[in-house]
Amino acid sequence: MSRFRLLVPSLLLLLATPVQGQDTSDVAFRVQVSDSVVVTASRVASAAQETGRRVSVYTQQDIQALSVNSVDQLLNVAAGLDVKSRGGFGVQSDLTMRGSTFNGVLLLLDGARINDPYTGHFLMDLPVPLSEIARVEVLHGSATALYGPDALGGVVHLITKTALRGRERAGEGTTAQVDGRYGKNDFYDVGGAVRTVSEQTTVSAAAAVQGSDGRDVSVDPEGTTDLSSAVQTDFERRVATAAVSRDVGAATLYTRAGVDDREFGAYHFYTDFATDRAREATSTFWLQSRLTSPGDAQTPWQVQLFGKQHRDRYTYNPNVGANTHVSRRLRVQGQGSHTWNRVRATGGASAGLRGVDSNRDGVHGDPSVGAFVSLRWRATSRLTINQSTRVDYDPTYGTEPTPQLYVAYNLGPATLRAGGGRVVRAPNFLERFIDSPSNQGNADLAAETAWSGEAGVDVRLPANLSLSATGFHRTTDSAIDYLRNETEQVFEAQNLDRTTTTGLETELSFDRTLGAVGVHLDAAYTLLDASLDGQKAPSAYKYGLDGARHQIQSSASLRAGAVTLGLQGLWKDRLRDAPLATDRYGVVHGRLAYDTRLSGARTTLSVELRNAFDRQYSEIFDAPMPGRTLLVGAEVAL
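Description of the structure in this document. (Residues numbered from 1 in each chain as written. Predicted model: local features only at pLDDT ≥ 70, side-chain atom pairs only at ≥ 80, totals over all residues. Heavy atoms only, no water.)

### A word on the overall build of the protein chain
Here comes step 1: Within the protein chain one finds five helices and 38 strands.
Here comes step 2: Its C-alpha atoms give the protein chain a radius of gyration of 24 Å, near enough to 26 Å, the size a compact globule of 638 residues would have.
Here comes step 3: Taken along its principal axes, the extent of the C-alpha atoms in the protein chain is 65 × 55 × 45 Å.
Here comes step 4: The buried share of the protein chain, reckoned over its 638 residues, is 58%. (Helix = DSSP H or I, 4+ residues; strand = E, 2+ residues; numbered from the N terminus. Rg over C-alpha atoms; globule rule 2.2 N^0.38 Å. Buried < 20%, exposed > 50% of the residue type's maximum accessible area, 1.4 Å probe, protein only.)

### Side note on the sheet that holds strand 31 (residues 490–495)
Here comes step 1: Spatially, 27-31-30 is the arrangement adopted by the three strands of the open sheet, whose pairing is mixed. Of all strands in the sheet, those with a lone pairing partner are strand 27 (439–440) and strand 30 (480–485), marking the two edges.
Here comes step 2: Of the pairings in the sheet, the one linking strand 30 to strand 31 comprises six bridges and is antiparallel in character. Across the sheet, residue Arg-484 finds its bridge partner in strand 31, namely Phe-491. (Pairing = 2+ DSSP bridges.)

### Examining the sheet that holds strand 11 (residues 154–160)
Here comes step 1: If you walk across this open sheet you meet the five strands as 5-10-11-8-9, and the pairing is mixed. What marks the edges here is a single partner per strand, and that holds for strand 5 (55–59) and strand 9 (112–113).
Here comes step 2: Where strand 5 lies against strand 10 (residues 133–140), five bridges are found, and the strand directions are antiparallel. Considered in strand 10, the bridge of Val-57 is made with Glu-137.

### Some details on the pairing of strand 25 (residues 398–410)
Here comes step 1: Across twelve bridges, the pairing between strand 24 (residues 383–394) and strand 25 is antiparallel. Each bridged residue has a counterpart across the sheet, and for Ser-388 the counterpart in strand 25 is Gln-404.
Here comes step 2: As judged from the seven bridges shared by strand 25 and strand 26 (residues 414–425), these two strands associate in the antiparallel manner. Each residue of the ladder has a partner; that of Asn-410, found in strand 26, is Thr-415.
Here comes step 3: Where strand 25 hands over to strand 26, the hairpin turn is made up of three residues, of which Gly-412 adopts a positive phi near 90 degrees.

### Description of the side chain of Asp-481
Here comes step 1: Along the chain, Asp-481 falls in strand 30.
Here comes step 2: With near-sequence residues (within four places) excluded, Asp-481 lies in contact with Glu-492, Ala-493, Gln-494, Leu-496, Tyr-541, Lys-542, Tyr-543 and Gly-544. (Contact = heavy atoms within 4.5 Å.)

### Details of empty space enclosed by the protein
Here comes step 1: Evaluation of the coordinates by the stated rule reveals 18 cavities of 30 Å³ or more.
Here comes step 2: Here the largest cavity is characterised by a volume of approximately 350 Å³.
Here comes step 3: What lines the largest cavity is a set of 27 residues, and nearest its centre among them are Arg-113, Asp-150, Arg-329, Arg-354 and Ala-426.
Here comes step 4: When residues of the lining of the largest cavity are traced back to their parent elements, those giving at least two are strand 21 (323–340), strand 23 (362–378), strand 24 and helix 5 (429–433). (1 Å grid on protein atoms, 1.4 Å probe; cavity = no way out; pocket = protein on both sides within 12 Å on 5 of 7 lines; lining within 4 Å. Points joined across faces, edges and corners; volume = space filled by probe spheres on them.)

### With respect to the packing of aromatic side chains
Here comes step 1: The tally for this structure, following the rule as stated, stands at ten aromatic pairs.
Here comes step 2: One aromatic cluster is present, built from ring pairs that chain together Phe-264, Phe-269, Tyr-270 and Tyr-314.
Here comes step 3: Taking NZ or CZ as reference, Arg-53 lies 4.0 Å from the ring centre of Tyr-406, over its face.
Here comes step 4: The ring of Tyr-482 has Lys-542 lying over it, and the distance from NZ or CZ to the ring centre is 5.2 Å. (Phe/Tyr/Trp six-rings, centres within 6.5 Å; stacked < 30°, edge-to-face > 60°. Lys NZ or Arg CZ within 6 Å of the ring centre and 35° of its normal.)

### Re the environment of Gly-365
Here comes step 1: With respect to the secondary-structure elements, Gly-365 resides in strand 23.
Here comes step 2: With 248 residues separating them along the chain, Gly-365 and Pro-117 place their C-alpha atoms 9.8 Å apart.
Here comes step 3: Once residues lying within four places of it in the same chain are set aside, the contact partners of Gly-365 are Arg-354, Gly-355 and Phe-429.

### Some words on the environment of Ala-447
Here comes step 1: Relative to the helices and strands, Ala-447 resides in the loop between strand 27 and strand 28 (448–461).
Here comes step 2: Classification of Ala-447 by relative accessible area gives buried; the value is 10%.
Here comes step 3: In sequence terms Ala-447 and Leu-496 are 49 residues apart; their C-alpha atoms lie 11 Å from each other.

### Describing the nonpolar core
Soluble globular proteins tend to pack their nonpolar side chains together in the buried interior.
Here comes step 1: Counting residues in each nonpolar core, the largest one holds 30 residues, and the members touching the most others are Val-71, Leu-75, Leu-95, Leu-107, Val-136, Val-156 and Leu-158.
Here comes step 2: Only helix 3 (71–75), strand 6 (81–86), strand 7 (92–97), strand 8 (105–109), strand 10 and strand 11 provide two or more residues apiece to this core.
Here comes step 3: Core analysis: the second largest hydrophobic core is formed by 28 residues, Phe-89, Phe-122, Ala-266 and Ile-480 among them. (Core = buried A, V, L, I, M, F, W, Y, C linked by side-chain atoms within 4.5 Å.)

### Quick word on the pattern of salt bridges
Here comes step 1: For the coordinates displayed, the defined rule picks out 40 salt bridges.
Here comes step 2: With its nearest N and O atoms 2.8 Å apart, the salt bridge here joins Asp-394 to Arg-354. One end of the pair, Asp-394, is in strand 24; the other, Arg-354, is in strand 22 (residues 343–358), with 40 residues separating them in the sequence.
Here comes step 3: For Asp-394, a relative accessible area of 3% gives the class buried.
Here comes step 4: Given the relative accessible area of 12%, Arg-354 is considered buried.
Here comes step 5: The salt bridge partner of Arg-559 is Asp-595, with a shortest N-O separation of 2.8 Å. With a gap of 36 residues between them, Arg-559 in strand 34 (residues 548–560) and Asp-595 in strand 36 (residues 584–598) connect regions that are remote in the sequence.
Here comes step 6: Bridged by salt links that share partners, the residues Arg-54, Arg-98, Arg-417, Glu-454, Asp-458, Glu-505 and Glu-507 form one connected network. (Salt bridge = Lys/Arg side-chain N within 4 Å of Asp/Glu carboxyl O.)

Right, dumping it as structure tokens:
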């Protein structure tokens, strides 16, 4: 393994030439993008204050200032996004928003749906390293009318550097970077990237390896099983990707391929049973290709084809044979847009196939098709009305229409917004067909359907202060969860009668230069209340009320000359006392960085302290999260 750790940065250094350049990732889908322009809320670039939606934007500069080593750590900063991690450092994480389960958040990579059709537990098995992410947009609230099933709690859109590249060719040449970190429990994180920009073409490649020996965790202290009484929290992850963006006539062709391979201890990742000594290995292959019209086209259009294969090998304990599940997704989608005076119409369609081949759960496959129409009407100089309707067909639930309506009213320094719509989420293959000693699926599960609504305000205050507040409510019929069968010691998939979720999201941001010091502060508070009507008490369900009733997220970045200090804080208080998991906890992370130049290359030296107060906690059952970890690192840009 040590040779492999050194191979990636060495190759990238050999490939790179020391040409001075700058990051030209400044155009999304051929349209100049700033924090006030978003793509995810309407599928086309739009002024954020006209969408009627709450969208959080994180730029490459924001990402670099934070103490994060994986995408899930980055998303832990996003206001209102509840990230439930297992093992830390991006080993595996579930995403929830506004009281949804981990299957209710849609993840997009450069506009393409990357959710795994087998289970939402694999959502963050990403085929790109953190260094390739240039921009993150988080759309709060349901979006089925635009993106189809699964966007129940919200949408997270990861936009990479090459996909963000437009026609402008400033900074042509070759750039490269290598970086590495090392810390407690032999934690290592080594990566590199190379990027070439010419008049018509941008080519990029990036790779990273990450891992740790972990620590021993004592389990089963009473010796009630014949299994080992210790588990290891070790992990290894390898990821690589390559992409090209090229002008083809008047259009741009963008293509990306990526792989992710990881192996890790999975003790109590999915169960809390005493016989659990699980280990798991997963691999992901991703391929997408997109053709986009010129940015100045009167009728901009886009066509995209993408596919994913995910392989999972799971061993519950040494006395049980391994189970292997291979899921696949292939999808094509297209859209076009045109503006007539005050009305912009956008329409599109998609079709796809998904399937799974499992030695335990069987072989299954389903097609799906959908189409949408979205209208944005600037009724007055202040009032904008956004209406979208989508119809999807899926054999698991038949034909489902999902309309939505959102309104924005601009008052100058403040924007009022309100709206809502219908949502649908299809049961995935795991929920329908899992057949294990600890979990049982249900082939007759109905789809989740819901009506959601929200109202909020975004205020731009003096002194570069901004405030956002949103109240939301959702009523879900036939929500899917697992009910514990105490007699057989198994979780069984079932539809609940009804769940209701009500909450409030608030966020306050400050961004200003004070003398020679650049200051960025962000604080967010989310309040959530939820109830469920099921066959049993809420405590009998595996995930039903596992969200955070109170969640506080904060970050601070101070930059003075060559020195940058970044701090992050997170505090959660759960809706209910979850089995084994920590009900209330807070963690703090920090990073100190110093920029300099060595032999003409920009070099950043850093020290990170994660979980500074050594809080012992878990987010899923009692799968242990890392304690206090000191990391030292360096990044060299050529």
